[in-house]
Amino acid sequence: MKILALIPARGGSKGIPRKNIKLLFGKPLIGWSIDAAQKSAFIDRVFVSTDDQEIASVANDLGAEVPFMRPKELAADDTPGIAPVMHAIDNLPEFDWVLLLQPTSPLRTAEDIDGIVRFCIENDAPSAVSIYEVDKHPFLMYRQDETKRLQSLIPDKPDIARRQDLPEVYALNGALYLARVDWLKEQQSLLGQETLGYVMSPESSADIDSSLDWAWVEFLMGQGYAK
């Protein structure tokens, strides 16, 4: 069972310029994902997929591999997320599994990586993704009609009086996408009907998409969540 850790890090970033190599708590953002993968008991190689020479140089300095550059056409704003994954596994055919690690999830740890791999093995599943329990429940959400009147987002929801009685609901956190390579080639997607959900804590699920997200993660790291 050979597992490739794949970290996609294109050069373009509009919300936070040069985000992937910007220093976060003393380390380039991409470095947190590289470190977590390197510390995992299951990862065989850590590969960064990038179209940017500076990112490639930083990744190499941090101990990751960049055996080839990602084509520019696979690094556009509208490039599907699966595209760089398929490009990598087509060029690295010796792996049985691929684990996608978004660099925008710096609080994901080696323990999380090892946990999702064990979770997949123990449940004999071809795919698993990381999730977290949401704090804003969809049963409590509404949309407005053309007259601004509220309509329940879920019109046929059961009548639940207490918040603690609401059913658990989860969302993808973007931190971990694990799939068997043959299954991935067949599905052409990191999510399918056989995909399991691996639960992570809300704090470990923090995802950086804006300056406010960045400040929140810096705060969490200052509180001891950085590993």
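Residues numbered from 1 in each chain as written. Predicted model: local features only at pLDDT ≥ 70, side-chain atom pairs only at ≥ 80, totals over all residues. Heavy atoms only, no water.

Participant: How should the pairing of strand 4 (residues 45-49) be read in this particular structure?
Facilitator: In summary, the side chains of a regular strand alternate between the two faces of the sheet. Most of strand 4 sits inside the fold, with four of its five residues counted as buried. Bridging between strand 1 (residues 3-8) and strand 4 involves five bridges; their strand directions are parallel. Looking across to strand 4, one finds that Ala 5 is bridged to Val 46. (Buried < 20%, exposed > 50% of the residue type's maximum accessible area, 1.4 Å probe, protein only. Helix = DSSP H or I, 4+ residues; strand = E, 2+ residues; numbered from the N terminus. Pairing = 2+ DSSP bridges.)

Participant: I keep staring at the sheet that holds strand 1 and nothing clicks. Help me out?
Facilitator: In a beta sheet, neighbouring strands pair by backbone hydrogen bonds and run either parallel or antiparallel. Pairing is mixed across the open sheet formed by six strands, whose spatial order is 4-1-5-9-6-10. Taken across any chain shown, the strands that pair with only one partner, and hence form the sheet edges, are strand 4 and strand 10 (196-199). For this sheet, the mean inter-axis angle between neighbouring strands, taken without regard to orientation, is 30°. The pairing of strand 5 (residues 97-100) with strand 9 (residues 170-180) spans four bridges and is classified as antiparallel. Bridging from a neighbouring strand, Trp 97 pairs with Arg 180 of strand 9. Sitting on the sheet, helix 4 (residues 110-122) is in contact with strand 1, strand 5, strand 6 (127-133), strand 9 and strand 10, with an inclination near 145° to strand 10. (Axes fitted to C-alpha atoms, helices over the stretch in contact; angles between N-to-C directions. Contact = heavy atoms within 4.5 Å.)

Participant: What's the story with unusual backbone geometry in this structure? I'm lost.
Facilitator: The general pattern is negative phi for most residues beyond glycine and trans for most peptide bonds. Phi is positive for Phe 25, which is not a glycine, with a value near 55°. Summarising the element assignment, Phe 25 is placed in the loop between strand 2 (23-24) and strand 3 (27-28).

Participant: Would you explain the nonpolar core in this entry?
Facilitator: Looking at soluble globular proteins, one finds that nonpolar side chains tend to be buried together. Counting 32 residues, the largest nonpolar core has Ile 30, Val 48, Leu 99, Leu 101, Ile 113, Ile 116 and Leu 176 as the members making the most contacts within it. Listing elements by their share of this core, those giving two or more residues are strand 1, helix 1 (29-39), strand 4, helix 2 (53-61), strand 5, helix 4 and strand 9. Each residue touching Leu 101, except ones within four places of it in the same chain, is listed here: Ala 5, Leu 6, Ile 7, Pro 8, Ser 33, Ala 37, Arg 108, Ile 113, Ala 175 and Leu 176. One finds Phe 47, Met 86, Ile 89 and Leu 92 within the second-largest nonpolar core, a separate group that totals 21 residues. (Core = buried A, V, L, I, M, F, W, Y, C linked by side-chain atoms within 4.5 Å.)

Participant: How do you make sense of the pattern of salt bridges when you look at a structure like this?
Facilitator: Side-chain pairs of opposite charge can arise whenever the charged atoms involved come near each other. Inspection of every chain in the model, using the stated rule, returns eight salt bridges. Its salt-bridge partner being Arg 45, residue Glu 94 comes within 2.8 Å of it at the nearest N-O pair. Here Arg 45 lies in strand 4 and Glu 94 lies in the loop between helix 3 (82-91) and strand 5, a separation of 49 residues in the sequence. Glu 94 sits in the partly exposed class, given a relative accessible area of 34%. Shared partners join several salt bridges into a network, and the residues in it are Arg 18, Asp 52 and Glu 54. (Salt bridge = Lys/Arg side-chain N within 4 Å of Asp/Glu carboxyl O.)

Participant: Explain the packing of aromatic side chains to me, please; I cannot follow it from the model alone.
Facilitator: Here a ring pair, both rings aromatic, is described through the centre-centre distance and the interplanar angle of the planes. Taken as a whole and assessed by the stated rule, the structure comprises three aromatic pairs. Residues Trp 216 and Phe 219 carry aromatic rings whose centres are separated by 5.5 Å and whose planes lie at 20° to one another, so their mutual orientation is stacked. With Trp 216 and Phe 219 both in helix 6 (residues 211-225) and three residues apart, the pair spans about one turn of that helix. By relative accessible area, which is 46% here, Trp 216 ends up partly exposed. Against the face of Phe 95 rests Lys 2, its NZ or CZ located 5.2 Å from the ring centre. Geometry around Trp 32 places Lys 27 over its ring, the cationic atom sitting 3.8 Å from the centre. (Phe/Tyr/Trp six-rings, centres within 6.5 Å; stacked < 30°, edge-to-face > 60°. Lys NZ or Arg CZ within 6 Å of the ring centre and 35° of its normal.)

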